[in-house]
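Below are the chains, spelled out letter by letter.
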Amino acid sequence: MNITQATAKVVATLEGSGLRVQGWAERKVVPPVAIVVPAQPFLDSEGDTTFEHPFVLHYLVQLVAGRGTGDTVQRALEDDITAAVLALTDVGMSVDDVQYPLIGTEDDSPTIGAQIEASVTINLKEDV
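Just so we're clear, the structure is a prediction, and the values are computed from it rather than from any experiment.

## Let's talk about the side chain of S119
Okay, so step 1: Tracing the chain through its elements places S119 in strand β5 (residues 109-122).
Okay, so step 2: S119 sits in the buried class, given a relative accessible area of 8%.
Okay, so step 3: Within the local environment of S119, its side chain forms a polar contact with the side chain of D96, the two groups lying 3.0 Å apart.

Below, the structure written as structure tokens:
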């Protein structure tokens, strides 16, 4: 699997779990949404690598909750975290860390979110 295929797999996996996914380069964030972002380091050869899959790709999945009352938003975001973690691990990805809650302000409106650090081993060759 190469980088493009791995990223497409992450996006498809999250969408398959019921999350709406948006590209990290898009300017306007419309919650609720999951945003797949390359992590730092993005590519390395450390960790749970094998001879067949000697490289590791690292991603951040940023979950931004929708608007609503506090309890409703919190429950919905926790459901999104659960769906994302289960979906990613079901396709063989490693979930390395989950940060929750993350509080931000945009346009003087507080937003709540979470961030999942996940990784997958690949061989950098295109699957055909």
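## Thoughts on unusual backbone geometry
Okay, so step 1: For the bond from P31 to P32, the omega torsion is -5°, close enough to zero to count as cis.
Okay, so step 2: Take P32: it is sitting in the loop between β1 (21-23) and β2 (33-44).
Okay, so step 3: Between Y100 and P101 the backbone carries a cis peptide bond, its omega angle lying at -10°.
Okay, so step 4: As for its placement among the helices and strands, P101 is situated in strand β4 (residues 94-106).
Okay, so step 5: Here L124, not a glycine, exhibits a phi torsion of approximately 70°, which is positive.
Okay, so step 6: Considering the arrangement of structural elements, one finds L124 in the segment after β5.
Okay, so step 7: Classification of L124 by relative accessible area gives partly exposed; the value is 34%.

## So, the packing of helix α1 (residues 3-16) against helix α2 (residues 70-90)
Between two packed helices, what matters for the description is the angle formed by their axes and the separation of those axes.
Okay, so step 1: Look at α1 against α2: their axes get within 9 Å of each other, and the N-to-C directions meet at 130°. Our classification of the angle between α1 and α2 gives oblique. Crossing hand, α1 versus α2: right-handed. Counted together, V10, T13 and L14 of α1 and A84, A87 and L88 of α2 form the full contact between these two elements.

## Description of the nonpolar core
Okay, so step 1: Residues L14, Y59, L63 and L88 are the most contacted members of the largest nonpolar core, which totals 24 residues.
Okay, so step 2: Broken down by secondary-structure element, the contributors of at least two residues to this core are α1, β2, β3 (55-64), α2 and β5.
Okay, so step 3: Among the nonpolar cores identified, the runner-up in size contains six residues, and V33, I35, V37 and L60 belong to it.

## Section: the environment of V98
Okay, so step 1: Summarising the element assignment, V98 is placed in strand β4.
Okay, so step 2: Distance in space between the C-alpha atoms of V98 and I81 is 8.4 Å, their sequence separation being 17 residues.
Okay, so step 3: Not counting the four nearest positions on each side in its chain, V98 is found in contact with I81, V85, Q115 and I116.

## Regarding the packing of aromatic side chains
Okay, so step 1: One pass over the full model with this rule turns up one aromatic pair.
Okay, so step 2: With centroids separated by 5.6 Å and ring planes inclined at 85°, the aromatic side chains of F42 and Y59 adopt a geometry described as edge-to-face. Separated by 17 residues along the polypeptide, F42 in strand β2 and Y59 in strand β3 bring together distant segments of the chain.
Okay, so step 3: Residue F42 is classed as partly exposed on the basis of its relative accessible area, which comes to 21%.

Analysis parameters
- Residues numbered from 1 in each chain as written.
- Predicted model: local features only at pLDDT ≥ 70, side-chain atom pairs only at ≥ 80, totals over all residues.
- Heavy atoms only, no water.
- Helix = DSSP H or I, 4+ residues; strand = E, 2+ residues; numbered from the N terminus.
- Buried < 20%, exposed > 50% of the residue type's maximum accessible area, 1.4 Å probe, protein only.
- Polar contact = N/O pair within 3.5 Å; in protein donor to acceptor, adjacent residues only side chain to side chain.
- Axes fitted to C-alpha atoms, helices over the stretch in contact; angles between N-to-C directions.
- Parallel < 35°, antiparallel > 145°, perpendicular 65-115°, else oblique.
- Left-handed = near helix turned anticlockwise from the far one by under 90°.
- Contact = heavy atoms within 4.5 Å.
- Core = buried A, V, L, I, M, F, W, Y, C linked by side-chain atoms within 4.5 Å.
- Phe/Tyr/Trp six-rings, centres within 6.5 Å; stacked < 30°, edge-to-face > 60°.

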